[in-house]
Amino acid sequence: MRPWPLLLMTLALSSCAVVVAGLEPRPNLPAMPDAPPLAIDLGPNIKQEQTIEVGTAAIELRTFRGDLKRGFLAGFPGATQEAAPLTLRLSEVNVTYENLRIAGLARFRFRGSVTRGDTTLVTFAGKADGDACTDAVSSCLRSGIEAMFEKIFNDVFKGLAGPGAPVRDAPPKAIEL
């Protein structure tokens, strides 16, 4: 076997970028027909295009804000694109990717709040890991977005409202997830 094809492939992989765009995350959240309308607001620190360095390679996220919004709208009870009395505000969402040789893992660190008008009901910060995936980087990232919204719902919204109840007025509090 000639060493050239292997050498060329190694050189190509060592300095390449994987482009990820147009994810369709679908968080596994319960349907709640009586959930109040909930809007999402992504802070200016969350960029549409960003790069995740992975060793000598990179992952280029081209539609990150849109990916987050699609995940929210696809699964969050009461999610709407319209203005709503309640807003889930994400001020930070940081992503890292870990190459596990035979699989990959997307890790999300996030910070935000839930507001009713100008009143902050709760602030939160947390971490979520997507499922280890063996197929494509995009499936790792999609799984990470799903895990993040599932964690926010389970740890923040259930705490505010109780199971199945609409979010009610509550004094502001901070939750470390």
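Residues numbered from 1 in each chain as written. Predicted model: local features only at pLDDT ≥ 70, side-chain atom pairs only at ≥ 80, totals over all residues. Heavy atoms only, no water.

S.K.: Explain the sheet that holds strand β4 (residues 57-61) to me, please; I cannot follow it from the model alone.
M.R.: Whether parallel or antiparallel, the strands of a sheet pair through hydrogen bonds between backbone atoms. Taken in spatial order, the 3 strands make up an open sheet running β1-β4-β3, and their pairing is mixed. Since the sheet does not close on itself, it has two edges, and those belong to β1 (17-20) and β3 (50-54), each with one partner. Here the average twist between neighbouring strands, direction ignored, is 20°. Pairing geometry for β1 and β4, over 4 bridges, is parallel. Paired with A17 across the strands is A58, a residue of β4. (Pairing = 2+ DSSP bridges. Helix = DSSP H or I, 4+ residues; strand = E, 2+ residues; numbered from the N terminus. Axes fitted to C-alpha atoms, helices over the stretch in contact; angles between N-to-C directions.)

S.K.: Mind showing me how you'd approach the side chain of T87 here?
M.R.: Tracing the backbone through its elements, the reader meets T87 in strand β5 (residues 86-99). With relative accessibility at 10%, the residue T87 sits in the buried group. Beyond its immediate sequence surroundings of up to four residues, T87 is in contact with L38, A39, I40, D41, S113, V114 and T115. (Buried < 20%, exposed > 50% of the residue type's maximum accessible area, 1.4 Å probe, protein only. Contact = heavy atoms within 4.5 Å.)

S.K.: Just to check I follow, could you spell out helix α2 (residues 64-75) for this structure?
M.R.: One turn of the α-helix equals 3.6 residues, which is why residues spaced by three or four share an orientation. An ideal rise of 1.5 Å per residue puts 16 Å on 12 residues; α2 measures up with 17 Å between its terminal C-alpha atoms. Within α2, the full set of buried residues consists of F64, G66, D67, L68, G71, F72 and G75. (Expected span 1.5 Å × (residues − 1).)

S.K.: Can you walk me through the environment of G22 in this structure?
M.R.: Within the fold, G22 resides in the loop between β1 and β2 (38-42). Overall, the relative accessible area of 41% leaves G22 in the partly exposed class. Those residues in contact with G22, other than ones at most four positions away along the chain, are T63, D67 and R70.

S.K.: Help me out: how do you make sense of the state of the cysteines in this one?
M.R.: Each disulfide consists of a covalent bond between the sulfur atoms of two cysteine residues. By the definition in use, this model includes 1 disulfide. Each sulfur in the disulfide pair C133 and C140 lies 1.5 Å from the other. Its S-S torsion of approximately -70° makes the covalent link between C133 and C140 left-handed. Exposure remark for C140: the relative accessible area of 0% places this residue in the buried category. (Disulfide = S-S within 2.5 Å.)

S.K.: Just to check I follow, could you spell out the packing of aromatic side chains for this structure?
M.R.: Each aromatic ring pair is specified by the distance between its two centres and by the angle formed by the two planes. On inspection of all chains with the given rule, the structure shows 7 aromatic pairs. Where F76 meets F149, the ring centres are 6.1 Å apart and the plane angle is 80°; that geometry is what we call edge-to-face. Here the residue F76 occupies a position in the loop between α2 and β5, and F149 occupies one in helix α3 (residues 137-161), the gap between them amounting to 73 residues. Here F76 matches F149 in class, with each residue buried. (Phe/Tyr/Trp six-rings, centres within 6.5 Å; stacked < 30°, edge-to-face > 60°.)

S.K.: Looking at this structure, I do not really get the layout of surface pockets. What am I missing?
M.R.: Think of a ball as big as a water molecule: rolled over the atoms, this probe shows where empty space is left. In this model, the largest pocket occupies a volume close to 270 Å³. Around the largest pocket sit 18 residues that line it, and V18, V54, Y97, N99 and V137 are the ones nearest its centre. Elements that contribute at least two residues to the lining of the largest pocket include exactly β4, β5 and α3. Among the elements that take part in the lining of the largest pocket, β4 stands out by supplying 3 residues, more than any other. For the lining of the largest pocket, the per-class residue count stands at 13 nonpolar, 3 polar and 2 charged. (1 Å grid on protein atoms, 1.4 Å probe; cavity = no way out; pocket = protein on both sides within 12 Å on 5 of 7 lines; lining within 4 Å. Points joined across faces, edges and corners; volume = space filled by probe spheres on them. Nonpolar A, V, L, I, M, F, W, Y, C, P; charged D, E, K, R; others polar.)

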